[in-house]
Amino acid sequence: MRKDEINLEVHLGRLILKNPVLVASGTFSYEYTELIDISKLGAVVTKAVTLRKRRGNRPPRTWETSCGLLNSIGLENPGVEHFLEKDLPRWRRWPVKLIVNVAGETVEEYAELARILDGAEGVDALEANISCPNIREGGIFFGVNPEMSYRVISAMRSRTSKPLIAKLTPNVTDIVSIARACVEAGAEILSLINTLRGLAIDPDTFRPRLGEGFGGLSGPAIKPVAVGMIHQVYRALDVPLIGIGGILDYRDAVEFFLAGARAVAVGTGNFINPRIPLEIIEGLTKFLEEKGMRGVEDLVGKVRFEVGATWPRFPRTEGELTI
């Protein structure tokens, strides 16, 4: 397979991307445009936008762990009005798909945000953040209950015609039930996972490392959890998936594709090296060339479990794949 024969374009329902590499919400700002050519990305996902301005959580807000990052930002942002007047006009100038992450404290706030952003030129899709673990109301409190997840997504679906993504939390006992509720409510795409809830304590002071105590763990530590949940949902539902969690290079991305994701989003990796998303695109192209594959679709869901594997008891994937 020649390099010029490889097509990285992916279809996430109605959302068509030039390649499957995105940058995750809260990890990429407009200033990054000075560091990399963002037109090469599949899409950019904005930091969470709320109906009104949010101050966020008390500091300290981040703590680096041995294999990840614990954060408690608290969705600080200037609100949707500021986003529309100041931020969106800048993003419109760049040839890259824009997905707006939205969060609220009530079902009505999510619905109102969907209504406001539905007519916004330059917004290609909405991502419902029902999984943030760092706020006292809303966020994860909707995402751990199938009924509440359904209500939020249904309310947004009734107010927008744009492609709708539901971002799911791993802090649940049954990820499939949450995913199914979101799809039944009208979500066309699912992104998973958001951060795992965690706590770091200073042995000298006996106090939490973060101002709010608990925070959300991201980075390489959570990748196996994310890959596992992607595969669970892939086996259960016919819906495009965006994999998130500890992706630092193209081989990490390939793991997510094999598990069932059709796209991946780089989060914590952007803090380590802003070029990681572009390096993944380059590495993925070379990988597909070496394997004689035409695109990412040749990888999606192709993981093969050995016969007799005790968990999960999924049937062996048909076909052969040499990696």
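Residues numbered from 1 in each chain as written. Predicted model: local features only at pLDDT ≥ 70, side-chain atom pairs only at ≥ 80, totals over all residues. Heavy atoms only, no water.

A. Representation of the UniProt feature "binding site: FMN" (unreviewed entry) in the protein chain within the structure. Annotation from UniProt places "binding site: FMN" (unreviewed entry) at Ser25, Lys47, Ala48, Asn101, Asn129, Lys167, Ile193, Gly219, Gly245, Gly246, Gly267 and Thr268. You can call Asn129 buried: its relative accessible area is 5%. Polar side-chain contacts of Asn129 include one of 3.5 Å to the side chain of Asn101. If you trace the backbone, Gly219 turns up in the loop between strand S12 (215-218) and helix H6 (223-236). Classification of Gly219 as buried rests on a relative accessible area of 2%. Excluding residues within four positions of it along the chain, Gly219 makes contact with Cys67, Gly68, Gly245, Gly246 and Thr268. (UniProt positions renumbered as here; feature names shortened; annotations may be inferred. Buried < 20%, exposed > 50% of the residue type's maximum accessible area, 1.4 Å probe, protein only. Polar contact = N/O pair within 3.5 Å; in protein donor to acceptor, adjacent residues only side chain to side chain. Helix = DSSP H or I, 4+ residues; strand = E, 2+ residues; numbered from the N terminus. Contact = heavy atoms within 4.5 Å.)

B. The confidence of the model for the protein chain, seen in detail. Predicted confidence across the protein chain gives a mean pLDDT of 91, with 92% of residues reaching 70 or more. Below pLDDT 50 for its whole length, residues 313-323 participates in 23 contacts with residues either more than four positions away or in separate chains. (pLDDT = per-residue confidence, 0-100.)

C. Spatial organisation of the pairing of strand S6 (residues 68-71). Because side chains alternate across S6, one face comprises the buried residues Gly68 and Leu70, and the other comprises Leu69 and Asn71, equally buried. Of the strand pairs in this sheet, strand S5 (residues 62-65) and S6 are connected by four bridges, and their pairing is antiparallel. What sits directly across from Thr65, in S6, is Gly68. Hairpin connection of S5 to S6: two residues between the antiparallel strands. (Pairing = 2+ DSSP bridges.)

D. Broad picture of the nonpolar core. Leu168, Leu190 and Leu192 are the most contacted members of the largest nonpolar core, which has 104 residues in total. Broken down by element, this core gets its largest block of residues, seven residues, from helix H9 (residues 276-291). When near neighbours in sequence (up to four residues on either side) are disregarded, Leu168 contacts Ile130, Ser131, Ile175, Ile178, Ala179, Cys182, Leu190, Ser191, Leu192, Ile193 and Asn194. (Core = buried A, V, L, I, M, F, W, Y, C linked by side-chain atoms within 4.5 Å.)

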